[in-house]
Amino acid sequence: MPSHTNRLTDRTRRRYLKGVATGAALLGTGATNAAATGDRTRGENGGREDIVFASTTTLAERIRAGELSPVEVVDAFLERIERRNDEINAFITLFPEHARAQAREAERAIERGDDLGPLHGIPFAIKDRQKLEGVRFTDGFLAFRDRIAEETDPEVQAFLDAGAIPVGKTNTPEGGYMGKTDNLVVGPTPTPFDLALNAGGSSGGSAAAVADAMLPFATGTDGAGSIRIPASFTNTYGLFPKVEEPGQFGTGDTYFQPSVSTRTVADTALTMSVMRGDDPNATDYRAALDDDVSTLRIGYDPGLSTYPVDRRVRGVVDDAVRTISAEGTTVEATTVDLGQSYEALIDAIWIVWTSSYADLARTHIEEFGVDVLGEDRDLYPDPLLEIIETGFDYLDEDGELRDDALATTIEARARAYTGLQDALAEYDLIATPTLSVPPFPNDILGPTEVDGTEIHPIVGWLITTVCNMTGHPAASVPAGLTDDGAPVGLQLIGPVHDDRPIVAASAAYERVNPWHDDYPWAAGTPAQSTRDESCGADR
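The following refers to the structure shown. Being a predicted model, the structure only gives us computed values, none of them experimental. (Residues numbered from 1 in each chain as written. Predicted model: local features only at pLDDT ≥ 70, side-chain atom pairs only at ≥ 80, totals over all residues. Heavy atoms only, no water.)

### Observations regarding the overall build of the protein
Tallying secondary structure elements over the protein gives 17 helices and 16 strands in all. Within the protein, buried positions represent 61% of all 539 residues. Within the protein, residue pairs in contact and separated by at least 24 positions form 76% of the contacts whose partners lie at least 6 positions apart. (Helix = DSSP H or I, 4+ residues; strand = E, 2+ residues; numbered from the N terminus. Buried < 20%, exposed > 50% of the residue type's maximum accessible area, 1.4 Å probe, protein only. Contact = heavy atoms within 4.5 Å.)

### A few points about the pattern of salt bridges
Pairs can form between side chains of opposite charge once their charged atoms are near each other. Tallied over the entire structure, the rule returns 26 salt bridges. For Arg84, the salt bridge is made with Asp212, and the minimal N-O distance between the two is 3.0 Å. Of the two residues, Arg84 is situated in helix 4 (residues 70–88) and Asp212 in the loop between helix 7 (204–211) and strand 7 (218–222); the sequence distance between them amounts to 128 residues. Across the pair, Asp212 and Arg84 agree in class, each one buried. (Salt bridge = Lys/Arg side-chain N within 4 Å of Asp/Glu carboxyl O.)

### Things to note about the pairing of strand 9 (residues 257–262)
A large share of strand 9 lies buried, amounting to 6 of its 6 residues. Because side chains alternate across strand 9, one face comprises the buried residues Gln257, Ser259 and Ser261, and the other comprises Pro258, Val260 and Thr262, equally buried. Taken together, the 5 bridges between strand 7 and strand 9 define a ladder with antiparallel strand orientation. Its bridge partner lying in strand 9, Gly220 is registered against Ser259. By the bridge criterion, 2 bridges tie strand 8 (residues 237–240) to strand 9 in an arrangement that is antiparallel. Looking across to strand 9, one finds that Gly238 is bridged to Ser261. (Pairing = 2+ DSSP bridges.)

### Side note on the side chain of Ser436
Within the secondary structure, Ser436 sits in the loop between strand 12 (429–433) and strand 13 (449–450). For Ser436, a relative accessible area of 0% gives the class buried. Among the polar contacts made by the side chain of Ser436, one reaches the main-chain carbonyl oxygen of Pro308 at a distance of 2.7 Å. (Polar contact = N/O pair within 3.5 Å; in protein donor to acceptor, adjacent residues only side chain to side chain.)

### With respect to the nonpolar core
Leu119, Phe159, Trp353 and Trp461 are the most contacted members of the largest nonpolar core, which totals 126 residues. Element by element, the count of residues in this core is highest for helix 12 (residues 342–368), at 11 residues. If we ignore the near neighbours within four places in the chain, the residues touching Leu119 are Thr56, Phe159, Ala162, Gly163, Ala164, Phe217, Leu270, Thr271 and Val274. Ranked by size, the runner-up nonpolar core spans 21 residues in total, among them Leu94, Val167, Leu195 and Ala209. (Core = buried A, V, L, I, M, F, W, Y, C linked by side-chain atoms within 4.5 Å.)

### Looking at the environment of Pro241
Looking at the secondary structure, you find Pro241 in the loop between strand 8 and strand 9. Residues Pro241 and Gly494, spaced 253 residues apart in sequence, show a C-alpha to C-alpha distance of 9.7 Å. If near-sequence neighbours (up to four positions away) are discounted, Pro241 is found in contact with Gln257, Pro258, Ser259, Met272, Arg276, Tyr285, Pro473 and Asp499.

### What to know about helix 11 (residues 311–321)
Considered for burial, the residues of helix 11 that qualify are Val313, Val316, Val317, Ala320 and Val321. One face of helix 11 carries all of its buried residues, which in axial projection span an arc of 115°. Opposite its buried face, helix 11 presents the exposed residues Arg311 and Asp319, each directed more than 90 degrees away. Of the surrounding secondary structure, the elements contacted by the buried residues of helix 11 are strand 10 (297–300), strand 11 (330–333), strand 12, strand 15 (474–481), strand 16 (487–493) and helix 16 (500–512). (Arc of directions from axis to C-beta.)

### Some thoughts on the packing of aromatic side chains
Under the defined criterion, the tally for this structure stands at 14 aromatic pairs. For the pair Phe193 and Tyr519, a centre-to-centre distance of 6.2 Å together with 45° between the ring planes defines the contact as tilted. Taken together, the positions of Phe193 in the loop between strand 5 (190–191) and strand 6 (194–198) and Tyr519 in the loop between helix 16 and helix 17 (520–523) put the pair 326 residues apart, joining distant regions of the chain. For Tyr519, a relative accessible area of 1% puts it in the buried group. Ring pairing ties together the aromatic residues Phe53, Phe193, Tyr519 and Trp521, which thus form one cluster. It is Arg147 that lies over the ring of Phe144; its NZ or CZ is 4.2 Å from the centre. The side chain of Arg147 reaches across the aromatic face of Phe368, ending 5.2 Å from its centre. (Phe/Tyr/Trp six-rings, centres within 6.5 Å; stacked < 30°, edge-to-face > 60°. Lys NZ or Arg CZ within 6 Å of the ring centre and 35° of its normal.)

### So, helix 7
Burial analysis of helix 7 places 8 of its 8 residues in the buried class, the great majority of the element. Those residues of helix 7 lying buried are Gly204, Gly205, Ser206, Ala207, Ala208, Ala209, Val210 and Ala211. A positive phi of about 65° marks Ala213, the residue just after helix 7.

By themselves, these figures tell us nothing about what the structure is for.
Dropping the structure here:
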């Protein structure tokens, strides 16, 4: 991989904000017809739209069949990135020269008749919370804007081994500390559906790039909903996969999983199969696409009878969730009892959340010599500093959770786990909105009120986090758009250690309620601000 000095295209917050102010080019217009794969073909711009709007699965098939070369595929996506990224701000780092060199080598491999991996010649990007050896690895932190990764994460290596070609690192909030993508390195990433609204986090750069057809897929991680949150805000598909080994929780731990952002369920099935490799316990995601779902029973409980839900979100999801019954699936209203009040659950989540970042701050001091709460605090956003300071209040002198704080989190986890298990004893899956709210403006920390209920702007609207506290797999499926054209996600929660019915139900839902015409580039609606708020006011 290239070194940091090898002509990497490094983005800055100043450059992004200047691009927004001068009004860079809007999304392309027009689309021809819908297809179950979500592929789109248009004749403009040298005919490359049939490449960038195609699914990962289709591109892989066409490359293997000799209909497309890796060089033209990579060139098409790099051209799209060059045209669109000043608006979407999806990347922290780009390395186009290296990607083109890898594409040429991938083409030579085809000419030699080499064995080809399942993603041979497919460009992708890596969330900048994940490492790629020899490439800048900021984790969203200004303090690490010049850090170079010394190794490659296993899930990233799996894609490299499968023949995929990395083109860049995608935007993420500092250390993934919030469900909104913004940082002091390059600024906010908006959803392509409205440039005044955020793409969600912390895998927001990946999701926005995929939604805007700058890439067919991108990597991400999910520790509190970080794949599913931006999936809901960008109309992409995001799976929090099953957890094989529950393990023991320490300070701030949640069930954390690497995953991918894609525009189709089949693309997630393909890329997750690659990522999980030859793991004998891995789900056969591709086979799950064709599973019979006629006997599945889905219980629908908006907000899990705990979280307040915005009426706009409720309206979209109410209409969407029942459409899967066209495949024979039974969908019924139900009540999930998480065994605690909304306030008690959020208090426990906040303990986990804040103590994890206090622990991270301590790591920054010990391993990198960065004094987060001292001389280097200007390199960290104020909301994160407040989180870290709060987190230290929950820790003892050995850096472990105080007994009372630990007891609070254990009880909250146990009650939530029991509530989901009881519901899943009656139903195969539980459905709920992915989030309490639709996308919100780039220039606010988060919503503070939902349906008359005061909520915490960082954690109070994340219905996703329940599954990271309990270990239940879940997916966010595009449910539709609000009257203002903002995306909304439907969350499907499955049994512990079994994400196959989630993928099967998601595929069935996609067949009867495809979302691919909702993308701005498919519907011919330019992405632009429909609101007065700034698209990323500086802090």
